[in-house]
Amino acid sequence: MTVDLIKSLLTESLSPEQLEVADNSQAHAGHAGAQSGGGHYHVRIVSSAFEGKSLVQRHQLIYKSLGDLMKQEIHALGIDAFTPTESN
C-alpha cells in the first residue's frame, strides 16, 4: 500500500520516465524505526525535473513530493535520482 502511494505521489509531482520503488522493510524487522511502523524503501527515479539540480536538491524534491509520508510511514528512504541523459 505504501509503495503504491509513493509511486503515485512521485508520478504526480515529478512525471518520471522511469520509477521503481522497493520495500525493504522485512530486512529491518526489529529495528527501532520498524517498531514505530515506519518502513524502509528504496526509490530509483529518472525525471527531467532533476535537470540542473544537485544531488541534495533532487532529494529535497523527492522529500517534498512525499510530504507527510516521511514523518510516519517512511522511516528510511534510499534514493537514486537521475536525469534522462544520466540513466543510460
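Below, the structure is looked at part by part. (Residues numbered from 1 in each chain as written. Predicted model: local features only at pLDDT ≥ 70, side-chain atom pairs only at ≥ 80, totals over all residues. Heavy atoms only, no water.)

A few words now on the overall build of the protein. Scanning the protein from terminus to terminus reveals three helices and three strands. Ordering the α and β elements of the protein from the N terminus gives α-β-α-β-α-β. Looking at the 88 residues of the protein, the share that counts as buried comes to 34%. Here the contacts in the protein between residues at least 6 apart in sequence split such that 67% fall between residues at least 24 apart. Here the protein has roughly 5,300 Å² of accessible surface; of this, 49% comes from carbon and sulfur atoms. (Helix = DSSP H or I, 4+ residues; strand = E, 2+ residues; numbered from the N terminus. Buried < 20%, exposed > 50% of the residue type's maximum accessible area, 1.4 Å probe, protein only. Contact = heavy atoms within 4.5 Å. Areas by Shrake-Rupley, 256 points an atom, 1.4 Å probe, with all protein chains shown as cover.)

This paragraph deals with the pattern of salt bridges. A full pass over the atoms with the stated rule returns two salt bridges. For the salt bridge of Asp-68 with Lys-71, the shortest nitrogen-to-oxygen distance reads 3.4 Å. Per residue, the accessibility class of Asp-68 equals that of Lys-71, and both read exposed. (Salt bridge = Lys/Arg side-chain N within 4 Å of Asp/Glu carboxyl O.)

All right, on to the environment of Thr-2 then. Tracing the backbone through its elements, the reader meets Thr-2 in helix H1 (residues 2-14). For the pair Thr-2 and Glu-73, spaced 71 residues apart in sequence, the C-alpha to C-alpha distance is 7.3 Å. The contact partners of Thr-2, leaving out residues within four places of it in the chain, are Tyr-41 and Glu-73.

For Val-43, the position within the fold is in strand E2 (residues 39-46). Classification of Val-43 as buried rests on a relative accessible area of 0%. Counting along the chain gives 33 residues from Val-43 to Leu-10, while the straight-line C-alpha distance between them is 9.8 Å. Discounting chain neighbours no more than four positions away, the residues touching Val-43 are Ile-6, Leu-10, Leu-19, Glu-20, Val-21, Leu-77, Gly-78, Ile-79 and Asp-80.

For the rest of this paragraph, the subject is the sheet that holds strand E3 (residues 74-82). If you trace the three strands from one edge of the open sheet to the other, you get E1-E2-E3, paired in mixed fashion. With one partner strand each, in any of the chains shown, strand E1 (18-23) and E3 form the two edges of the open sheet. Between one strand axis and the next, the sheet turns by 15° as a mean value, whatever way the strands run. The sheet contact formed by E2 and E3 spans eight bridges and is parallel. Bridge pairing in E3 links Gly-39 to Ile-74. Contacts between helix H3 (residues 55-66) and the sheet are confined to E2 and E3, with E3 contributing the most and set at about 135° to the helix. (Pairing = 2+ DSSP bridges. Axes fitted to C-alpha atoms, helices over the stretch in contact; angles between N-to-C directions.)

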